[in-house]
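These are the residues of each chain, in order.
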Amino acid sequence: MAKPKRQHPLAVVHAFGSYILLLALPLLRSLLLLREGWRGWLSGVWQDGLVLAAILVFGYLRWRMNTYEVLEEGIFFRDGIFFRRSRYIPYYSLTAVVLERPFYLRPFPIARILLETDAGSPKDPDVALLLRQADAKLLMAAAGRELPGERLTRAYTPNPWAAAFLSLLTSNSLTGVLFASTLISQTGRLLGKEAEERLLDSLTRLMQLLAFGLPPAAAAIALILLGGWLLSFALHLVNHLGFKAERRGGMLTVRAGVLTLRQYQLTVKKINFMQLRQSLLTRLLGYCAVLINCTGYGKGKNELAVLLPAANEQELRRGLQMVLPEIRPGRRTCRCLPRTVTRFLIPPLTLLAALFAAVFLAWRQLPALRTLVFFLGLMGVLPAVWWFFVKLAAFRYVGVELKGRTCTFRSVFGYAFYTTVAPADKVTQIELRRSLFQKMAGCCDMVVRLRSEKGRRIVVQNVPQTAADSFLTSWAADSAVS
């Protein structure tokens, strides 16, 4: 029987770091602004000090009572202060083991270990431990030693620009805007309302400086969108620089990150599906980003479950052969019927007509705001025109294939093109639906549900009815056999 171990002593404060910081900063700030002497300061902050001490005591008790044992077939955990809990996780049920080393822990031989299974929470890891680096590596080795297969290690390292390509493809303004708003609000909480107001005032002056003659509202919208996108790009870039994938037997290991070094150890047979992602521009250039779905991988904020950050057709074949030869996309054999092209083009054409009508009416009715109306109209028309070309390309892209026991679904959502490849046993449900107009055109929509931690739904639009029926019959027969 293995000897029970505890986490690193730093775990006493690590789990409550944000709460301790919220209490400690006001204490330090009031100490720096001390004017009424020690007695006045102590009379005002003793409550905060008491809460801080209680947090530290509770953290120590939790550290003292939480233990783990690395056994031959799994890991045994005991935790709880007032109510004791025992848990056992066999190695074969692990989908991912994640080792994290944030920049603030790197000066010390400490690492954070996350254990993931298909039975856990979609938001949080099943188990999170702060361990000595040597203990963390021993735990990762124990979790991976039961995986069968060849012991030869095959490594894939992409070109240095691949992380930038992935960040360009996956960044969006909303992520950056949400991150910036959170940063500003947390600054106000930690440093006070005055610091928050000064930061907002500085940002307002920057917008005025960069307006370039545009109306203030138009300049603010443009700068918020651009700033949000740039911030999102930077967050994704920092998280995926230094990417490297290695395959050994039934285990896939991925390393990435700059500020936070991450190492993911994935069980290959637990991978649910693979997805090739493209924009219209990258599709024209012949490049894509390859992501996978495996419980625990890419679960954190601004993380992506990347397999190949950027690959053309030749790089895609080479990379998959090295690290994931079990899952390969099939060739497009199912093509849309020519008469269904209108079903792709009517939505963007309708949107364009509505935008032009709205801009025309606003131009006539609001002569004093014509500059703003023109800018907002242009900002609305450009994405709609781009959407038109996306839908036009979608007509020659969407389709479904079943080759052997591998399903391939080509779909378009928004401005992105997705090629989803999944083993037949990872597809949980297929539904065919069609409207009256689709019935007249001889096509239907295929709604596919895939096995994943959060549940994944894919809609392949306007598939020929005969091809969809044939696919559904073949998949059902294969599922019955397996």
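Each remark here, short or long, concerns the structure printed above.
Residues numbered from 1 in each chain as written. Predicted model: local features only at pLDDT ≥ 70, side-chain atom pairs only at ≥ 80, totals over all residues. Heavy atoms only, no water.

> Got a sec to walk through the overall build of the protein? Specific residues and values, please.
Along the protein, the regular secondary structure elements total 14 helices and 19 strands. Looking at the protein residue by residue over its 482 residues, the buried ones come to 44%. Here the contacts in the protein between residues at least 6 apart in sequence split such that 61% fall between residues at least 24 apart. Element-wise, carbon and sulfur atoms account for 64% of the exposed surface of the protein, whose accessible area totals about 26,400 Å². (Helix = DSSP H or I, 4+ residues; strand = E, 2+ residues; numbered from the N terminus. Buried < 20%, exposed > 50% of the residue type's maximum accessible area, 1.4 Å probe, protein only. Contact = heavy atoms within 4.5 Å. Areas by Shrake-Rupley, 256 points an atom, 1.4 Å probe, with all protein chains shown as cover.)

> Any chance you could break down the nonpolar core for me, citing the residues and the numbers?
By size, the foremost hydrophobic cluster in this structure holds 35 residues, and its most contacted members are Leu252, Met274, Ile292, Tyr297, Leu307 and Leu324. Elements represented by at least two residues in this core include exactly β4 (94–102), β9 (251–256), β10 (260–267), β11 (273–279), β12 (288–293), β13 (306–311) and α10 (313–323). Top element by residues in this core is β12. It accounts for five residues. In this view, Leu324 contacts Arg247, Val268, Ile271, Met274, Ile292, Leu307 and Gly319; residues no more than four positions away in its chain are not counted. (Core = buried A, V, L, I, M, F, W, Y, C linked by side-chain atoms within 4.5 Å.)

> Please give an account of the sheet that holds strand β14 (residues 399–403) that cites residues and values.
The six strands lie next to each other as β13-β12-β11-β16-β15-β14, forming an open sheet whose pairing is antiparallel. Only two strands of the sheet have a single neighbouring strand rather than two, namely β13 and β14. For this sheet the average axis-to-axis angle between neighbouring strands, irrespective of direction, equals 15°. Docked against the sheet, α10 engages β11, β12 and β13, running at close to 155° with respect to β13. (Pairing = 2+ DSSP bridges. Axes fitted to C-alpha atoms, helices over the stretch in contact; angles between N-to-C directions.)

> So what's going on with the pattern of salt bridges? Which residues, and what values?
Within the structure shown, the criterion is met by 14 salt bridges. One salt bridge connects Asp79 with Arg85, and the closest N-O pair in it is separated by 3.0 Å. A salt bridge links Glu401 to Arg410; the nearest nitrogen and oxygen atoms lie 2.6 Å apart. Arg410 matches Glu401 in its accessibility class, with the two residues each being buried. Connected via shared salt-bridge partners are Asp79, Arg85 and Arg87. (Salt bridge = Lys/Arg side-chain N within 4 Å of Asp/Glu carboxyl O.)

> Can you explain the sheet that holds strand β8 (residues 244–248)? Please cite residues and give values.
Working definition: the strands of a sheet are paired by backbone hydrogen bonds and lie parallel or antiparallel to each other. Taken in spatial order, the seven strands make up an open sheet running β6-β5-β4-β10-β9-β8-β7, and their pairing is antiparallel. Where the open sheet ends on each side, the last strands, each with one partner, are β6 (127–132) and β7 (153–156). Strand-to-strand twist in this sheet, taken as the mean axis angle between neighbours without regard to direction, amounts to 20°. With five bridges connecting them, β8 and β9 associate as antiparallel partners. By the bridge assignment, Arg248 is partnered in β9 with Met251. Helix α4 (residues 133–144) rests against β4, β5 (110–117), β6, β9 and β10 of the sheet, and its axis sits at about 130° to β6.

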